[in-house]
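Coordinates in review
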Number of protein chains: 4
Amino acid sequence: MNTFGRLFRMTTWGESHGKAIGSVVDGCPAGLELKEEDIQKELNRRRPGFSEVSTKRKEKDEVQILSGVLDDITLGTPISMLIWNRDVNSTPYGAIRHLVRPGHADLTYWEKFKIRDWRGGGRSSARETAARVAAGAIAKKILRKFGVEVIGHTIEVAGIKAEEVPLERIKENRDKNPVLCADIKASAAMVEKILEVKEEGDSVGGIAEIIIHNPPAGLGEPVFLKLDAYLSQAIMSVGAVKAVEFGAGFHISRMKGSEANDPIKMENERPTFVSNNAGGILGGISTGQDIVIRVAIKPTPSVSKPQRTINIKTGEDEEIIVQGRHDPCIVPRIIPVLEAMAAMVMVDSMMMQGLIPRSFIDK
Amino acid sequence: MNTFGRLFRMTTWGESHGKAIGSVVDGCPAGLELKEEDIQKELNRRRPGFSEVSTKRKEKDEVQILSGVLDDITLGTPISMLIWNRDVNSTPYGAIRHLVRPGHADLTYWEKFKIRDWRGGGRSSARETAARVAAGAIAKKILRKFGVEVIGHTIEVAGIKAEEVPLERIKENRDKNPVLCADIKASAAMVEKILEVKEEGDSVGGIAEIIIHNPPAGLGEPVFLKLDAYLSQAIMSVGAVKAVEFGAGFHISRMKGSEANDPIKMENERPTFVSNNAGGILGGISTGQDIVIRVAIKPTPSVSKPQRTINIKTGEDEEIIVQGRHDPCIVPRIIPVLEAMAAMVMVDSMMMQGLIPRSFIDK
Amino acid sequence: MNTFGRLFRMTTWGESHGKAIGSVVDGCPAGLELKEEDIQKELNRRRPGFSEVSTKRKEKDEVQILSGVLDDITLGTPISMLIWNRDVNSTPYGAIRHLVRPGHADLTYWEKFKIRDWRGGGRSSARETAARVAAGAIAKKILRKFGVEVIGHTIEVAGIKAEEVPLERIKENRDKNPVLCADIKASAAMVEKILEVKEEGDSVGGIAEIIIHNPPAGLGEPVFLKLDAYLSQAIMSVGAVKAVEFGAGFHISRMKGSEANDPIKMENERPTFVSNNAGGILGGISTGQDIVIRVAIKPTPSVSKPQRTINIKTGEDEEIIVQGRHDPCIVPRIIPVLEAMAAMVMVDSMMMQGLIPRSFIDK
Amino acid sequence: MNTFGRLFRMTTWGESHGKAIGSVVDGCPAGLELKEEDIQKELNRRRPGFSEVSTKRKEKDEVQILSGVLDDITLGTPISMLIWNRDVNSTPYGAIRHLVRPGHADLTYWEKFKIRDWRGGGRSSARETAARVAAGAIAKKILRKFGVEVIGHTIEVAGIKAEEVPLERIKENRDKNPVLCADIKASAAMVEKILEVKEEGDSVGGIAEIIIHNPPAGLGEPVFLKLDAYLSQAIMSVGAVKAVEFGAGFHISRMKGSEANDPIKMENERPTFVSNNAGGILGGISTGQDIVIRVAIKPTPSVSKPQRTINIKTGEDEEIIVQGRHDPCIVPRIIPVLEAMAAMVMVDSMMMQGLIPRSFIDK
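A few points about the overall build of chain A
- Tallying secondary structure elements over chain A gives nine helices and 18 strands in all.
- Taken over C-alpha atoms, the radius of gyration comes to 21 Å for chain A, in line with the 21 Å a tight globule of 363 residues would show.
- Within chain A, buried positions represent 69% of all 363 residues.
- Intrachain contacts of chain A at a sequence separation of at least 6 include 71% that bridge at least 24 residues.
- When the accessible area of chain A is evaluated, it comes to approximately 11,500 Å², of which 48% is carbon and sulfur surface.

Written as structure tokens, this is what we have:
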């Protein structure tokens, strides 16, 4: 199931050390202005090799649009996007070819398919997510036409919590530091901590928050494709994610009903909520408030400390030291992916609600 | 989207105060022994009106199988199950017909459809979930043939945490108290707390844990229908759920890679994990270990304390007091629903993996 | 796969001699006026037992709407419809329980599921199609709001061809005779022929034509869900159908390109086709012209003449004489089913094109 | 909807005169030997420019496999295949950029998307089908492992009918002539006729027959994804197809039940059919006999004779003469496409029936 979405769909493909990776976006309305730069801009945010807290693999991740666009205008036909893999070095993986890397999908792919691509994790590599970001860039472009924004930022790394800041500050600050944290002070501590564990040959995780700003009310399909259910699938499908919560999340389970319910009042002749414990979704349908999602991300499983594992060929216990180029903290690079997934869900849900036309062109 | 599943599917229908509710299960293998009692047993676990901590609405929830079964054997054709609504009393809802109940889906259904069933929440009522439990009973019966069990229990109510107990104890203890908590001591405190807030006209939430015991390895479809992604959608589609986590969940984001990774060793000639921080899923594919899911459930939004809201007809601010018969704590009644959803996902994933035949009959 | 459709979906269930049959329609817009009479009217057109050329099984086919409608207005939630099986007589089938009826699905169901419902064909009975007609009645009601009509009629029975008549005459004449043929003279010959073969214990087939009048242009999803591809699946999924053609159909394969192409001209400031060899669909997308489909229907396989077959239990050759109550010609009773399927496709395709709102209510 | 299939899926993309076309195959079992030559062989059968009865556009259609395969073995991950467009000449289309070509999808794409790719038909060009053939080559390779073959041949061109010949003769003869007709004498007359109309600047159509040899019994999903329904959608989704029939097809509508039913007897301890009027499918499920499909193909709409049409920009009536390089008869080049579609359906149906494992590798 490498296709995601109902009316607005992406199909992604590609292994980490294969020839290329790519994405086919189907169901994009005709008449959208779309250039390779639009995609590239988002890819650059996820691109490896450009910060001290990320992997040293240097991929320019240059995207080519191969179909679906004529003279920078979408045709309504599938948009195929291609990224060649350039800086591939499978050598370090050769040595551990038959060893199962703990925390990775090595064993499970092998259980599922009885074969696995040993080169850099193959399809289960985080590299796969670049194709999602490419598709998400189109989704974001559509959302922007409707005034909807998807903003991700880091709120915790290695247990270091950022202070809550308003949306405007998040947008202003998060790109000023390599961990995408809007609390500048906390971000410095986070970077320091990441470099420290990197030195140890270890890694750390963290928590990201995704805010969907200014969504239309009425999105989400009861009862099985509720907006939060759909977003959960999307978010949880990203590697390294282990938990997702909406609004007050786990905390709401400790509140009383009278505290948890968001009161409603009229404001500017519109029903308005006084608080947002619900995280913008009630009964699986968007209220029109900002949708707030928090996402737990595990530490990068590739660590150079010795770990217990097995040799799949010999069936013996062994010790593994994972070499190669890895992110000591994957949180900042996952954020564009989470944004992409949230944007895909939003466009698809808006289409199911009949809010997006098949063509932006007026005859 | 009232259909759930790819190969093993349920379609549910029905409003809380309509004539009936029901479920159509499609894709069930032929040759499964199935009686109405099999379904009824599960429905009785979710049934309202039978404990001091649940609503007073008394529904016997008697299920009829209308198709797909001949002489107690499934035919491979759709299994239609019907439950008549009996103890319906819409009177208390008449008075608040135009008021939007905070914490409920009243406003959002109205935003989506420009109409809503004001009688007891209509389709957005928890009553809808009985149809899921009916379908889930079939899923569980199939899983049992393969030695797979789905066990839910309460681990926290109103901030009162249960102690961790081993699986055998959970199975032994959880049905001995109305909150389905395996820590008997904590369960007493939970019940006391629930009755206390009930007295105040308020409600509480809690946390449930779902354990999928003895699952096959290799389940889950990368990259978008990973097993945890699919389970998240399933779990989050249940009303009142606001968060979901797997294995160490949010806590894993504070661990180092070297701590978070579950070491692997050979045991009885099988690859075996030394710990289970991953919650039984790596790279979106089951490892064969128990799958551990924790679910945050909000307090019942129906509280009889006055709340601020609006009148949708007049567009004025008003105060609402929600009468009717409500659960002061929905956690124990949600657990069979969460189990049902997890069981549906497991059967469907096993079918996609080719582990379940189209017929259990040998020619 | 007992669910049909993408955005407008029906899920049907039920065996011929089971307790009931039914249909769940999901995705119907809110705010549609809908009464049981709307459904009943269409069911009566397919109902058995009311003409000399149809089976003697007398089913009133009384439909109940169990959900999705409040005060005769749809809610946007699933509409569950139920028809109890009343006039069930499984006795004649007991005697041939282990014999495979030639021309029926007895052997194939048994190959697929290793079990089959021997009572009246079970799920493979034409009775299943009543549930489609119930769902189609809702589709037709929606289409009518947009001025789209689906009209089926008989154009050939047992080799007796009807003359071509204009659409207005079809609508005027077809219900005046039991074979639904608009050529009154031919219809008399058809009835005579049917009664003659019935006397012999045999059966005949024929050809139906379905006209979708006044469809919007632009429907159909290239490249795999083209409108004609989608309609073909829908039509061919009806039992007894063995061929389907659009516009000039098989005949067009003998024309030259210069003859086959429909010339285009402006008329009333709209692009207009001079002829309709294409049958209203070009490149899989509707042109706006009437869509013309012809459907070959095989003779009813239940004949009381002796036939060679096998006993599935003993594995011996045997002779079978199929008793029971059967239609000597199924064509007129299939027509409402074909109309229903075409109507389902049209509503679904209009929804995918964004032409039908989620609610017919203006806030 | 540029994705086809449930468990075995292809997503195709690309415009006729865009940069490239391609196909992503998802759900292919792991452990299948697969080389680019396997794909190329099938593409060469559809390739333009290599016979006197086909277009002069010379495309080598060289395929590259970009993912899903390691050391010539499939990984179970998506297989992305790419074909660059090389011999593109859009010049002749520039002159008729605003003219609607009769018999083509020009007007309907424009109605649907309010924009169209004027260069060689864009997405609606027959070039799109190369991507289907690439995917179908994988499907065929899988089928071969199970002894299933898909064989297409021409049985009529421009009204010239081929004699019926047995399957062995079809396989022996059809590739000996450019029209893929197994009746050598008829094929000569067909070629002569095609060259004659080509001289006139006109085109002809014909009828293809697709035989699925040695299929397993029990395939097809009642009631809406019956095998014939699914095949019909697949076949009818190919451009230029206007009719499809199974077994005796339209002819069966003129038979009596006692003649149409295929008698059954035991042979070699297997239920065996004496004839095959059903075309290998009963009640939508395969019987195990050869599946026989006949397909009507319209004459190529691109003819250089003057035709009446309109200018979409000016809204005026105009005359059009379609230049460019076109097939005077598309039948032989469509046959590999029809085979590919039938093969896709067969693999998908076998997977749904549980007959194909997720991996061909034994651990």
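Concerning empty space enclosed by the protein
- Summed over all chains, the structure comprises 18 cavities of 30 Å³ or more.
- Of the voids in this model, the largest cavity is the one considered here, and its volume is about 1,400 Å³.
- Among the secondary structure elements, those contributing two or more residues to the lining of the largest cavity are β1 (3-4) and α7 (227-236) of chain A, β1 (3-4) and α7 (227-236) of chain B, β1 (3-4) and α7 (227-236) of chain C together with β1 (3-4) and α7 (227-236) of chain D.
- Tallied by class, the residues present in the lining of the largest cavity amount to 24 nonpolar, 13 polar and eight charged.

A word on the sheet that holds β1(A)
Residues and elements named next belong to chain A.
- Pairing is antiparallel in the open sheet, where five strands are placed in the order β1-β2-β3-β7-β4. The sheet is open, and its two borders are formed by β1 and β4 (63-65), each paired with just one other strand.
- Two elements, β1 and strand β2 (residues 9-14), share two bridges in a ladder whose sense is antiparallel. If you follow F4 over to β2, its bridge partner there is M10.
- Lying on the sheet, helix α1 (residues 36-46) is in contact with β4 and β7 (79-84); it crosses β4 at an angle near 150°.

Regarding the packing of aromatic side chains
- One pass over the full model with this rule turns up 18 aromatic pairs over all chains.
- An angle of 55° between the planes, with centres 5.9 Å apart, marks the rings of A:Y109 and A:F113 as tilted. A residue pair is termed a helical-turn pair when its members lie 3 or 4 positions apart in one helix, as A:Y109 and A:F113 do in helix α3 (residues 106-113) at four residues.
- Joined through ring pairs, the aromatic side chains of A:F4, A:Y230 and B:F224 make up one cluster.
- Above the face of the B:F113 ring, B:K112 is positioned so that its terminal group lies 5.9 Å from the ring centre.

Quick look at the nonpolar core
- Membership of the largest hydrophobic core comes to 332 residues, with the highest contact counts inside it found for A:I138, B:I138, C:I138 and D:I138.
- The contacts of C:I138, once residues within four sequence positions are left out, are C:F8, C:V25, C:C28, C:L32, C:L34, C:I39, C:I79 and C:M81.

A few points about the pattern of salt bridges
- Summed over the entire model, instances satisfying the criterion amount to 123 salt bridges over all chains.
- B:K141 is the partner of B:D38 in a salt bridge, and the nearest nitrogen-oxygen pair spans 3.1 Å. With B:D38 in helix α1 (residues 36-46) and B:K141 in helix α4 (residues 129-145), this residue pair connects regions lying 103 residues apart in the sequence.
- The exposure class of B:D38 is buried, given its relative accessible area of 16%.
- Salt bridges here are not isolated pairs; linked through shared partners, they connect A:E42, A:R45, A:K140, A:R174, A:D175 and A:E339.

Considering the interface of chain A and chain B
- If you look at the interface, chain A gives 103 residues, while chain B gives 103 residues.
- When the two sides are added together, the surface that chain A and chain B hide from each other amounts to roughly 8,000 Å², 61% of it contributed by carbon and sulfur.
- The largest per-residue losses of area from chain A upon contact with chain B belong to A:K112, A:F224 and A:K242, which jointly make up 11% of the total buried on that side.
- Here chain A is connected to chain B by eight salt bridges.

Some remarks on the interface of chain A and chain D
- Opposite the 48 residues of chain A that make contact, chain D presents 48 residues.
- Between chain A and chain D, a total of about 3,900 Å² is buried, with carbon and sulfur atoms accounting for 64% of that surface.
- Between A:E36 and D:K19 there is a salt bridge, and its shortest N-O distance comes to 3.8 Å.
- Put simply, chain A and chain D have nine residue pairs in polar contact (both at pLDDT 80 or more) between them.
- Counting only elements with at least two residues in the side of chain A that touches chain D, the list comes to β2, β3 (20-26), β4, β6 (73-74), β7 and α3 of chain A.
- Residue classes in the side of chain A that touches chain D are distributed as 20 nonpolar, 13 polar and 15 charged.

So, the relation of the copies chain A and chain B
- Its rotation angle being 180°, the transformation that places chain A on chain B also includes 0.0 Å of axial translation and leaves an RMSD of 0.0 Å. In symmetry terms, the pair is related by a two-fold rotation axis. Within chain A, A:Q233 has its C-alpha nearest the rotation axis, a separation of 2.5 Å.
- Comparing interface residues between copies, 100% of those in chain A also lie at the interface in chain B; the contact surface is shared.

Topic: the pairing of strand β18 (residues 316-320) of chain C
- Alignment of strand β17 (residues 307-311) of chain C against β18(C), held across five bridges, turns out to be antiparallel. When the bridges of β18(C) are listed, C:T309 appears paired with C:E318.

Observations regarding a negative patch on the surface
Residues and elements named next belong to chain C.
- A grouping of E33, E37, D71 and D72 is seen on the molecular surface, where their side chains present a negatively charged patch.
- Position of E33 among the secondary structure elements: in the loop between β3 (20-26) and α1 (36-46).
- Residue class for E33 comes out exposed when judged on its relative accessible area of 54%.

Describing the relation of the copies chain A and chain D
- Overlaying chain A with chain D gives an RMSD of 0.0 Å, the required rotation being 180° about an axis along which the chain moves by 0.0 Å.
- By residue overlap, the copies meet face to face through one surface: 100% of the interface positions of chain A are interface positions in chain D.

Describing the side chain of B:S349
Residue and element names in this part refer to chain B.
- As for its placement among the helices and strands, S349 is situated in helix α9 (residues 331-352).
- On the basis of relative accessibility, which here comes to 3%, the residue S349 falls in the buried class.
- The residues touching S349, leaving out its near neighbours within four places in the chain, are L219, L227 and Y230.

Quick notes on the environment of C:S275
Residue and element names in this part refer to chain C.
- The residue S275 is located in the loop between β13 (270-273) and β14 (281-282) in this model.
- Note: C-alpha distance between S275 and N261 (14 residues apart in sequence) is 8.5 Å.
- Here D262 takes part through its side chain, which lies 2.6 Å from a polar atom of the side chain of S275.

Here's the deal with the packing of α1(B) against α4(B)
All names here are of chain B.
- The N-to-C vectors of α1 and α4 enclose an angle of 135°; their axes lie 8 Å apart at closest approach. As the angle between them shows, α1 and α4 are arranged oblique. The chirality of how α1 crosses α4 is right-handed. Counted together, D38, I39, E42, L43, R45 and R46 of α1 and T129, A130, V133, A134, A137, I138, K140 and K141 of α4 form the full contact between these two elements.
- For the contact of α1 with α4, the class distribution of residues is seven nonpolar, one polar and six charged.

Quick notes on the sheet that holds strand β4 (residues 63-65) of chain B
Residues and elements named next belong to chain B.
- What the five strands build is an open sheet, ordered β1-β2-β3-β7-β4; its pairing is antiparallel. The open sheet has two edge strands with one neighbour each: β1 and β4.
- Sheet strands in contact with α1 are β4 and β7 (79-84), and its direction is about 150° off that of β4.
- Strands β2 (9-14), β3 (20-26) and β7 of the sheet are contacted by α4, whose axis makes an angle of about 30° with β3.

Rules used throughout
- Residues numbered from 1 in each chain as written.
- Chains lettered and ligands numbered in written order.
- Predicted model: local features only at pLDDT ≥ 70, side-chain atom pairs only at ≥ 80, totals over all residues.
- Heavy atoms only, no water.
- Helix = DSSP H or I, 4+ residues; strand = E, 2+ residues; numbered from the N terminus.
- Rg over C-alpha atoms; globule rule 2.2 N^0.38 Å.
- Buried < 20%, exposed > 50% of the residue type's maximum accessible area, 1.4 Å probe, protein only.
- Contact = heavy atoms within 4.5 Å.
- Areas by Shrake-Rupley, 256 points an atom, 1.4 Å probe, with all protein chains shown as cover.
- 1 Å grid on protein atoms, 1.4 Å probe; cavity = no way out; pocket = protein on both sides within 12 Å on 5 of 7 lines; lining within 4 Å.
- Points joined across faces, edges and corners; volume = space filled by probe spheres on them.
- Nonpolar A, V, L, I, M, F, W, Y, C, P; charged D, E, K, R; others polar.
- Pairing = 2+ DSSP bridges.
- Axes fitted to C-alpha atoms, helices over the stretch in contact; angles between N-to-C directions.
- Phe/Tyr/Trp six-rings, centres within 6.5 Å; stacked < 30°, edge-to-face > 60°.
- Lys NZ or Arg CZ within 6 Å of the ring centre and 35° of its normal.
- Core = buried A, V, L, I, M, F, W, Y, C linked by side-chain atoms within 4.5 Å.
- Salt bridge = Lys/Arg side-chain N within 4 Å of Asp/Glu carboxyl O.
- Buried area = accessible area lost by both parts, 1.4 Å probe.
- Polar contact = N/O pair within 3.5 Å; in protein donor to acceptor, adjacent residues only side chain to side chain.
- Least-squares fit on C-alpha atoms with pLDDT ≥ 70 in both.
- Patch = residues over 30% accessible without salt bridge, like charges linked within 9 Å, V, L, I, M, F, W, Y side chains within 5 Å.
- Lys, Arg positive; Asp, Glu negative; His and termini not counted.
- Charge placed at Lys NZ, Arg CZ, Asp CG, Glu CD.
- Parallel < 35°, antiparallel > 145°, perpendicular 65-115°, else oblique.
- Left-handed = near helix turned anticlockwise from the far one by under 90°.

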